[in-house]
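Overview (structure and organization)
Listed below are the residues making up each chain.
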Amino acid sequence: MESLMTRRASPAAASPLQRRAMSVRATASASAAGEPDLSVRVNGLQMPNPFVIGSGPPGTNYTVMKRAFDEGWGGVIAKTVSLDAEKVINVTPRYAKLRAEPNGAAMGRIIGWQNIELISDRPLETMLNEFKQLKKEYPDRILIGSIMEEYNKAAWHELIERVEESGVDALEINFSCPHGMPERKMGAAVGQDCDLLEEVCGWINEKATVPVWAKMTPNITDITKPARIALKSGCEGVSAINTIMSVMGINLKTLRPEPCVEGYSTPGGYSARAVHPIALAKVMNIARMMKEEFADGQSLSAIGGVETGNDAAEFILLGADTVQVCTGVMIHGYPLVKKLCAELQDFMREHNFSSIEEFRGASLPYFTTHTDLVHRQQEAIKQRKAIKKGLQSDKDWTGDGFVKETESMVSN
């Protein structure tokens, strides 16, 4: 069987050192002009910046995906599709918000967002035709198809073949949707079962001819286990995290849960700013695992609560190659990408970084165990005690250095 690296994008076959060199060369012109270069090359895919529309409503049809490209997003991941859209029936309302102010004041900042939305309810052929039109109009922009299917090898192979024929640049596999159709072994039902995940990844990677990213669920004890299996099974990258299973709240006037559909609700996926620290931890764990166990250029796409350039910088400092935004677009709109790019460049200027690659993963070495933290602090205390602080005796006071000598013994 033809190897993964020969049947997919040839740049991905380069060594990590070669890929880094290509990235450095790509940034030369921007660096020469003194502007930090945001362009990235991931699994052979060239993007003008690392910001990618995450799969969901912001990538649900031609009109909104075209808007994303026009605004300057580095890439777009379309809303997840499957072979039979007729089985997908959404309800309304399907979103609920959590605000920062007491009692959820209407003008308070949105910090949490829950959805009970399913994958695309549009006919597959309709979506594929729109993919083709987008690639015709934007041949140099990155369009990624998100796919999810039932536990059926033939169905997975048919879906992959049809989506690839539309001209998409890569595939993201939805192993992580936390709600809807688990009885059909779809979404998180696969991502939470490592044996099932390994089997399905095998089916996918024996058929796919473009780079494959496996989207991870955070609703699992150790996210590195499914990430490791996906990469060992041939996926070129992983994306993390999808939404966190949640109940948004109870309406204390009606005593009904939110979002409320005909008086009832169901647990759904939680996102927005409040999940960012959780996402950082999950991404950090995956990045450490990848650094220790994989050296073939596998990529990491970070997701979770990104609304500022600094949010994105944190993910990149942990080792992310790209940063996805979905809920942030639903709250702030497609022009958000301009703010993200400007703020990320401000961060890069502050630290004299000329390219993304210069600081990608720079903070990862500073994570350790609690036992090691205790040891490091004990050693630091010993060293500080060994250095004499302040005056040791009244005879040491001098007239010339009186103020500095006084300050040397002040504790705050």
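Conventions used here
Residues numbered from 1 in each chain as written. Predicted model: local features only at pLDDT ≥ 70, side-chain atom pairs only at ≥ 80, totals over all residues. Heavy atoms only, no water. Axes fitted to C-alpha atoms, helices over the stretch in contact; angles between N-to-C directions. Helix = DSSP H or I, 4+ residues; strand = E, 2+ residues; numbered from the N terminus. Contact = heavy atoms within 4.5 Å. Nonpolar A, V, L, I, M, F, W, Y, C, P; charged D, E, K, R; others polar. Pairing = 2+ DSSP bridges. Buried < 20%, exposed > 50% of the residue type's maximum accessible area, 1.4 Å probe, protein only. Right-handed = clockwise from strand over helix to strand, strands pointing away. Phe/Tyr/Trp six-rings, centres within 6.5 Å; stacked < 30°, edge-to-face > 60°. Core = buried A, V, L, I, M, F, W, Y, C linked by side-chain atoms within 4.5 Å. pLDDT = per-residue confidence, 0-100. Patch = residues over 30% accessible without salt bridge, like charges linked within 9 Å, V, L, I, M, F, W, Y side chains within 5 Å. Areas by Shrake-Rupley, 256 points an atom, 1.4 Å probe, with all protein chains shown as cover. Salt bridge = Lys/Arg side-chain N within 4 Å of Asp/Glu carboxyl O.

At a minimum axis separation of 9 Å, helix α5 (residues 124–137) and helix α6 (residues 153–165) run at an interaxial angle of 35 degrees. Together, Leu 124, Glu 125, Leu 128 and Lys 132 of α5 and Leu 159, Arg 162, Val 163 and Glu 165 of α6 make up the contact between the two elements. Of the residues assigned to the contact of α5 with α6, the class counts are four nonpolar, no polar and four charged.

Pairing within the closed barrel is parallel, and its eight strands lie in the order β3-β4-β7-β8-β9-β10-β15-β16. On average, each strand axis in the sheet is inclined to that of its neighbour by 25 degrees, with strand direction left out of account. Examined bridge by bridge, strand β4 (residues 75–77) and strand β7 (residues 142–147) share three bridges and lie parallel to one another. In the strand pairing of β7, Gly 75 is matched with Ile 142.

Let us look at the pairing of strand β9 (residues 212–215). Side chains Val 212 and Ala 214 project from β9 onto one buried face, and the interleaved Trp 213 and Lys 215 project onto a second face that is buried too. With four bridges connecting them, strand β8 (residues 170–174) and β9 associate as parallel partners. Looking across to β9, one finds that Ile 173 is bridged to Ala 214. Where β9 lies against strand β10 (residues 237–240), three bridges are found, and the strand directions are parallel. Its bridge partner being in β10, Lys 215 is matched across the sheet by Ser 239. One crossover worth recording links β9 to the parallel β10 by way of helix α9 (residues 224–232), and it is right-handed.

All told, the structure shown has seven aromatic pairs when counted by the stated rule. Ring centres of Tyr 151 and Trp 203 lie 5.2 Å apart, and the angle between their planes is 35 degrees; this geometry places the pair in the tilted category. On the criterion of sequence distance, the pair formed by Tyr 151 in the loop between β7 and α6 and Trp 203 in helix α8 (residues 194–207) is long-range, its members being 52 residues apart. Judged by its relative accessible area of 11%, Trp 203 falls in the buried class. Centroid distance Trp 156 to Phe 175: 6.4 Å. Interplanar angle 50 degrees. Geometry classified as tilted. Residue Trp 156 is located in helix α6, and its partner Phe 175 is located in the loop between β8 and α7 (188–191); the two are separated by 19 residues in the primary sequence.

Further remarks concern the nonpolar core. Among the nonpolar cores identified, the biggest contains 98 residues, and Trp 73, Val 238, Ile 286 and Leu 344 are the most heavily contacted of them. By residue number, the principal contributor to this core is helix α10 (residues 276–293), which donates eight residues. The residues touching Val 238, leaving out its near neighbours within four places in the chain, are Ala 214, Met 216, Ala 227, Ala 230, Leu 231, Ile 286, Met 290, Ser 299, Leu 300 and Ser 301. Judged by nonpolar contacts, the second largest core, of five residues, contains Val 88, Leu 118, Ile 119 and Met 148.

Here the focus is the confidence of the model for the protein. Averaged over all residues, the pLDDT of the protein is 89; the fraction at 70 or higher stands at 88%. Predicted confidence is poor over residues 1–7, with pLDDT under 50, and the contacts of this stretch with residues over four places away or in other chains come to 13 contacts. Confidence drops under a pLDDT of 50 for residues 10–32, and excluding neighbours within four residues, the segment shows 27 contacts in the predicted structure.

The omega angle of the peptide bond from Thr 92 to Pro 93 is 0 degrees, so this bond is cis rather than trans. Of note, Pro 93 is situated in the loop between β4 and β5 (95–99). Geometrically, the link from Glu 258 to Pro 259 is a cis peptide bond, its omega value of -10 degrees lying close to zero. Mapped onto the fold, Pro 259 is located in the loop between β13 (257–258) and β14 (268–271). One non-glycine residue with positive phi stands out, namely Glu 262, at about 55 degrees. Inspection of the secondary structure assignment puts Glu 262 in the loop between β13 and β14. Given a relative accessible area of 74%, Glu 262 falls into the exposed group.

Taken together, Val 247, Ile 250 and Leu 252 make up a surface patch of nonpolar side chains, about 340 Å² in accessible area. Within the element layout of this structure, Val 247 appears in the loop between β11 (244–246) and β12 (249–250).

Strand order in the open sheet formed by four strands is β5-β6-β14-β11, and the pairing between neighbours is antiparallel. Two strands bound the open sheet, and with one partner strand each, they are β5 and β11. Here the average twist between neighbouring strands, direction ignored, is 35 degrees. Here three bridges tie β11 to β14, and the two strands are oriented antiparallel to one another. Note on β14: the bridge partner recorded for Ser 246 is Gly 268.

Going residue by residue along strand β16 (residues 322–325), you find Thr 322 and Gln 324 tucked away on one face and Val 323 and Val 325 tucked away on the opposite face as well. Relative to β16, strand β3 (residues 51–53) runs parallel, the two being bridged by three bridges. Among the inter-strand pairings, Ile 53 is bridged to a residue of β16, identified as Val 325. When strand β15 (residues 299–303) meets β16, the two strands line up parallel, connected through three bridges. Among the inter-strand pairings, Ser 301 is bridged to a residue of β16, identified as Thr 322. Between the parallel elements β15 and β16, the chain passes through helix α11 (residues 309–317) in a crossover that is right-handed.

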